[in-house]
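What follows is each chain in one-letter form.
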Amino acid sequence: MLWIAWKMLVGNRVKYLGIVFGVVFAALLIAQQASIFCGLMSLTINQIRDVEGPGIWGMDKGVQYVDDIKPLADTELFRVKGVPGVEWAVRFYKGIARARLEEGTYEQMILLGLDDATLVGAPRQLFMGSIADLRKPDAVIIDDAGYRRIWPDEPFRIGRTFEMNDRRAVVVGLAKAGRTFTSFPIVYTRYSQAVLFAPPERRVLSFVLAEAAPGVAPEEVCRRIEERTGLQAVTRTQFLWKTIIYYMRKTGIPINFGITVLLGFFVGTAIAGQTFYLFTVENIRQYGALKAMGASNWTILTMVLAQGLQVGLVGYGVGVGLAAVFGWWVRGASRLAFFMPWEVLAITGAAVFVIVLVASLVSIRKVLVVEPAIVFRG
Amino acid sequence: MGAVTAATIPTTPPAADVAVHVRGVTKDFGSGGTTTRALRGVDLDVPYGELLMLVGPSGCGKTTLVSIIAGTLDPTEGDVVVLGEDLAAMPNGRKVRFRRDNVGFVFQAYNLLPALTAAENAAVPLIIAGWNRRRSVEAAADVLDQLGMGDRLDRLPSELSGGQQQRVAIARSLVHSPRLLICDEPTSALDAENGRITMDLIREVAVQPGRAVIVVTHDARVYSYADRIASMEDGRIEAVVAATRSAAAGAG
Ligand SMILES: Nc1ncnc2c1ncn2[C@@H]1O[C@H](COP(=O)(O)OP(=O)(O)OP(=O)(O)O)[C@@H](O)[C@H]1O
Ligand SMILES: [Mg+2]
């Protein structure tokens, strides 16, 4: 019977395409918007993810997310180092600097100051130069996207200079860095150098990066740091989530995307449900005939559900495929953040399932109540 | 078969050679103050091996009566025993299986599935009965072949004439060898020629010793194909008469 259901469905080309269109519409919109949302969220945490190595971030009690800098006294580093269970701890500077380019124009930059001795937090991948070159005077490493932003259409070249806080900075390397929310260029330098590039402030230490001693849980070390220093200490993963949650809570981002996703869901349900219903009504005599000839209600039910499942699978495949193509396309343009983790696929799949279930249920009532005697009427 | 008028049939249990046994059947449509009484006490027997025609003016209750006999509609009152089974007492699920196994239908509007080929359409009762697709389509093709449709097995209904569609419908009604065949106005959508061909086929293929055929019709041109003709009027059977079957019609 299921192949009959399939043939009935596909045989009615216009209605079939209408139903599939509804599902594709919903799947595309949901997957695409959710992926952009995930992309934006990942932008907010790329700065944390790029700092590999230390498992613990120490910071001011009031800090709510990675861009929320509340400078500490330099002495906090030594207090953290003194906490039992801390294997090592280093300074990390993060701030916004204003750079004056050779041409006389100004650019905002994200300035990262790495511990002079260890360079913890240095970029993992360099296109040009080497990390060791950071030890040269005035040396900075800049990310490739930032380079292109400030010097568009110019070839990558080491040795270019600009000024921050009236001090000369020399580009010694080109790094790969995760994109950020602001997409300002990212400039890496030594901590001692960063302090000079930064706008003068009484306190400059942004974060203390630390690692738990072997055999001690990072969470436990965080707890001890908080207890002994009065700082806030979180694991890397906790900081990622803290940042994501901050953006979700304090910005309209989830609401905006949520509205679009819901819109896709409801419009898709309406189109698919409506067309499916019309399709069923159009075929109601055929269902009546099948019933007269001895098809049970259960058989009819599975036929309609199978039809729903079929359009669901096709619509899901096409919709998610289109969303992926879209993502691939904007990735080339690198304008829009797009990140499609499996969770997006699962959520979209669940939404599509609900849509086709609703669409089928609307029709199922119709076919279940149809009297087989309907077929005798001319 | 001799002519038996409704009035002379006594209210006794059905005889063994009676395929359809209807006693005192009434049917009301609607509820409350707006009920229509479509049947007002129908008595009817149809023996095996007979083609009974049900005739009468529009709205007199012919379709309602055959729907009840086929088990697609419940009577309001009365006894309906078909093929030895008491339909009035039968729960719905069993009635569905009863129809699947025992009843073939030919509808006025053909009611073929537009997306299926002729052979697939004719195979539907077997598929409902749980046969696999290949075997049932093969069996249906055999029946279509007998009906002179062997060269149109893969056509869609939209590619067939009305008479050809009705032949597919007849193949469908017989493919599972039902013991009761119900035809409601099988010729009224057809021209005289196709009407005659259709009735020839029904007469020739469907009328068998172990099977009863009921044909509802308005079409006086086909009366000659009946063994007996039951005339209905206003929800009752007025008379049942033996038909004077012409030799031409009987030969098909
Ligand atoms: N489902 C229904 N609901 C309400 N009334 C109905 C229904 N089906 C039939 N009737 C009524 O029952 C009466 C008998 O109808 P039926 O269809 O049995 O007549 P018929 O003899 O088959 O007529 P026709 O020759 O026009 O097909 C009519 O008055 C009709 O309006
Ligand atoms: Mg009728």
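Structure shown above.
This structure is a prediction, so every number in the text was calculated from the model and none was measured.

Undergrad: Just checking my understanding: could you explain the overall build of chain B for this structure?
TA: When helices and strands are counted, chain B shows seven helices and 10 strands. For 252 residues, the compact-globule estimate of 2.2 N^0.38 gives 18 Å, and chain B sits close to it at 18 Å. Taken along the three principal axes of its C-alpha coordinates, chain B extends 50 × 45 × 40 Å. Going through the 252 residues of chain B one by one, you find that 55% of them count as buried. Carbon together with sulfur atoms contributes 48% to the accessible area of chain B, which is approximately 10,000 Å² in total.

Undergrad: Can you help me understand unusual backbone geometry in this one?
TA: Of all residues except glycine, most have a negative phi; of all peptide bonds, most are trans. All names here are of chain A. One non-glycine residue with positive phi stands out, namely Leu 119, at about 55°. With respect to the helices and strands, the residue Leu 119 is situated in the loop between strand 3 (106-114) and strand 4 (125-128). One non-glycine residue with positive phi stands out, namely Asn 165, at about 50°. Relative to the helices and strands, Asn 165 resides in the loop between strand 6 (161-164) and strand 7 (167-176). The class for Asn 165 is partly exposed, based on a relative accessible area of 37%.

Undergrad: Can you walk me through the packing of helix 1 (residues 2-11) of chain A against helix 3 (residues 118-128) of chain B in this structure?
TA: Angle between the axes and distance between the axes: these two values describe a pair of packed helices. Relative orientation of the contacting elements helix 1 of chain A and helix 3 of chain B amounts to 145°, with a least axis distance of 11 Å. In the crossing of helix 1 of chain A with helix 3 of chain B, the sense of the turn from one axis to the other is left-handed. Together, Trp3(A), Ile4(A) and Lys7(A) of helix 1 of chain A and Glu120(B), Val124(B) and Ile127(B) of helix 3 of chain B make up the contact between the two elements. Taken together, the residues of the contact of helix 1 of chain A with helix 3 of chain B sort by class into four nonpolar, no polar and two charged.

Undergrad: Please explain the packing of aromatic side chains as it appears in this structure.
TA: The description of two aromatic rings rests on the distance between their centres and on the angle between their planes. Residues and elements named next belong to chain A. Evaluation of the coordinates by the stated rule reveals 18 aromatic pairs over all chains. Aromatic pair Phe 92 and Phe 207: ring centres 6.4 Å apart, planes at 45°, arrangement tilted. Of the two residues, Phe 92 sits in strand 2 (residues 86-101) while Phe 207 sits in strand 9 (residues 207-212), which places them 115 residues apart along the sequence. The residues Phe 92 and Phe 207 share a single accessibility class, namely buried. Of note, Arg 98 hangs over the ring of Tyr 106, and the distance from its end group to the ring centre comes to 4.2 Å.

Undergrad: Teacher, can you tell me more about the site of ligand 1 here?
TA: Near ligand 1, the surroundings consist of 13 residues, among which Ser58(B), Gly59(B), Lys62(B), Thr63(B) and Thr64(B) are the closest. Taken together, the residues near ligand 1 originate from chains A and B. Within the contact set of ligand 1, an oxygen atom lies 2.5 Å away from a side-chain nitrogen or oxygen of Thr64(B). For ligand 1, an oxygen atom lies 3.4 Å from a polar atom in the side chain of His218(B). Coverage of ligand 1 by the protein amounts to 65% of the 620 Å² it exposes when considered alone. Considering every element that reaches the shell around ligand 1, the biggest residue donor is helix 1 (residues 62-70) of chain B, with three residues. Residue composition of the shell around ligand 1, by class: four nonpolar, six polar and three charged.

Undergrad: Sorry, what's going on with the side chain of Lys15(A) here?
TA: All names here are of chain A. By the element assignment, Lys 15 lies in helix 2 (residues 13-49). When its relative accessible area of 17% is taken as the criterion, Lys 15 is described as buried. In this structure Lys 15 touches Thr 275, Leu 278, Phe 279 and Glu 282, once residues within four positions along its chain are discounted.

Rules used throughout
Chains are numbered independently. Their residues run from 1 in the order of the written sequence. Ligands are numbered from 1 and chains lettered from A, in the order in which they are written. At least 70 in pLDDT is required for a residue's local features to be given in this predicted model, at least 80 for side-chain atom pairs to be given and counted, and no such filter applies to totals for whole chains, interfaces and linings, which use all residues. Excluding hydrogens and water, the side-chain values take into account all heavy atoms of the structure. Helical segments are the DSSP runs of H or I of at least four residues, strand segments are the runs of E of at least two, and each set is numbered from the N terminus. Two things to know: the radius of gyration comes from C-alpha atoms, and the globule rule equals 2.2 Å times the number of residues to the power 0.38. Relative accessibility decides the category of a residue: with a 1.4 Å probe and only protein chains considered, values under 20% of the type maximum give buried, values over 50% give exposed, and everything between is partly exposed. Here the open area of atoms and residues is found with the Shrake-Rupley method and a 1.4 Å probe, where only the protein chains shown may cover a residue. Between the N-to-C directions of two axes lies an angle of 0 to 180 degrees, each axis being a line fitted to C-alpha atoms and, for a helix, fitted only over the stretch in contact. Here a crossing is taken to be left-handed if its near helix is turned anticlockwise relative to the far helix by less than a right angle, and right-handed if that turn runs clockwise. In what follows, residue pairs with any heavy atoms lying within 4.5 Å of each other are defined as contacts. Lys, Arg, Asp and Glu make up the charged group, whereas Ala, Val, Leu, Ile, Met, Phe, Trp, Tyr, Cys and Pro make up the nonpolar group; the residues left over, Gly among them, are polar. In this scheme Phe, Tyr and Trp rings, the latter by its six-membered ring, pair at centre separations within 6.5 Å, and the angle between planes marks the pair as stacked below 30 degrees, edge-to-face above 60, and tilted otherwise. A ring is scored as having a charge over it whenever the NZ atom of a lysine or the CZ atom of an arginine sits within 6 Å of its centre and within 35 degrees of its normal. Whether a residue is near a molecule or strand depends on its heavy atoms: if one lies within 4 Å, it is near. Distance and chemistry together define a polar contact, namely a pair of N or O atoms within 3.5 Å, with one atom able to donate a hydrogen and the other to accept it when in protein, and with adjacent residues in sequence counting only for side-chain atoms on both sides.

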